Amino acid sequence: GPFRDSDDFCRFKFLVNELLGKLPTEKVEQIARSEAFKHFETAMLDGKDFESRKDFVKTVDEWLGELPDKVIQDFANSSEYQLYTKVAARYAGGS
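Residues numbered from 1 in each chain as written. Predicted model: local features only at pLDDT ≥ 70, side-chain atom pairs only at ≥ 80, totals over all residues. Heavy atoms only, no water.

**Brief notes about the overall build of the protein**
Tallying secondary structure elements over the protein gives 6 helices and 0 strands in all. Counting helices and strands in the order they occur from the N terminus, the protein gives α-α-α-α-α-α. Since a compact globule built from 95 residues should have a radius of gyration of about 12 Å, the 13 Å found for the protein is in line with a globular shape. When the backbone C-alpha atoms are referred to their principal axes, the protein occupies close to 40 × 30 × 25 Å. The buried share of the protein, taken over its 95 residues, is 34%. Partitioning the contacts of the protein with sequence separation of at least 6, the portion at a separation of at least 24 is 75%. Carbon and sulfur atoms make up 54% of the accessible area of the protein, which amounts to about 6,100 Å² in all. Computing the positive centroid from 14 side-chain charges and the negative centroid from 18, the protein places the two 3 Å apart. (Helix = DSSP H or I, 4+ residues; strand = E, 2+ residues; numbered from the N terminus. Rg over C-alpha atoms; globule rule 2.2 N^0.38 Å. Buried < 20%, exposed > 50% of the residue type's maximum accessible area, 1.4 Å probe, protein only. Contact = heavy atoms within 4.5 Å. Areas by Shrake-Rupley, 256 points an atom, 1.4 Å probe, with all protein chains shown as cover. Lys, Arg positive; Asp, Glu negative; His and termini not counted. Charge placed at Lys NZ, Arg CZ, Asp CG, Glu CD.)

Pasting the structure below:
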């Protein structure tokens, strides 16, 4: 149900935050200045509706694509990866 959903999304946000911390500093600064970051912050705080979560997932996915290969590989082999793909798939529909 929606509660379970929320739980997953909270873990997703925590995970994303951790991963974004592994981006190169200049990338992080670039992200922080971007328009998308404002939406990101909003979703981080209280993105409850489907649309804002969907934007969040899409944006985050683009940012994480900039991670070093090694980080991506380690992540892909972690248990968190399943949570990530599950949440991402839930909100990626129709894009």
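Following the structure, the description resumes.
**A look at a negative patch on the surface**
A cluster of acidic residues, Asp46, Asp49, Glu51 and Asp55, forms a negative patch at the surface. Taking relative accessible area as the criterion, Asp55 reaches 43% and is therefore assigned partly exposed. (Patch = residues over 30% accessible without salt bridge, like charges linked within 9 Å, V, L, I, M, F, W, Y side chains within 5 Å. Salt bridge = Lys/Arg side-chain N within 4 Å of Asp/Glu carboxyl O.)

**Some points on helix H6 (residues 80–92)**
What sets the pattern is the α-helix's 3.6 residues per turn: residues three or four places apart point alike. Relative to the 18 Å expected for 13 residues at 1.5 Å per residue, H6 spans 18 Å between its end C-alpha atoms, a close match to the ideal helical length. Within H6, the full set of buried residues consists of Leu83, Tyr84, Val87, Ala88 and Tyr91. Taken end-on, H6 shows its buried residues confined to a sector of 125 degrees, consistent with a single buried face. The exposed set on the far side of H6, more than 90 degrees from its buried face, consists of Gln82 and Ala89. (Expected span 1.5 Å × (residues − 1). Arc of directions from axis to C-beta.)

**Here's the deal with the pattern of salt bridges**
Oppositely charged side chains are able to pair whenever their charged atoms sit close together. Under the criterion given, the structure shown has 7 salt bridges. Note that Glu62 is salt-bridged to Lys58, the shortest N-O span being 3.4 Å. Residue Glu62 and its partner Lys58 are both found in helix H4 (residues 50–64); the two are separated by 4 residues, about one turn of the helix. The exposure class assigned to Glu62 is partly exposed, which follows from its relative accessible area of 48%. You can call Lys58 partly exposed: its relative accessible area is 49%.

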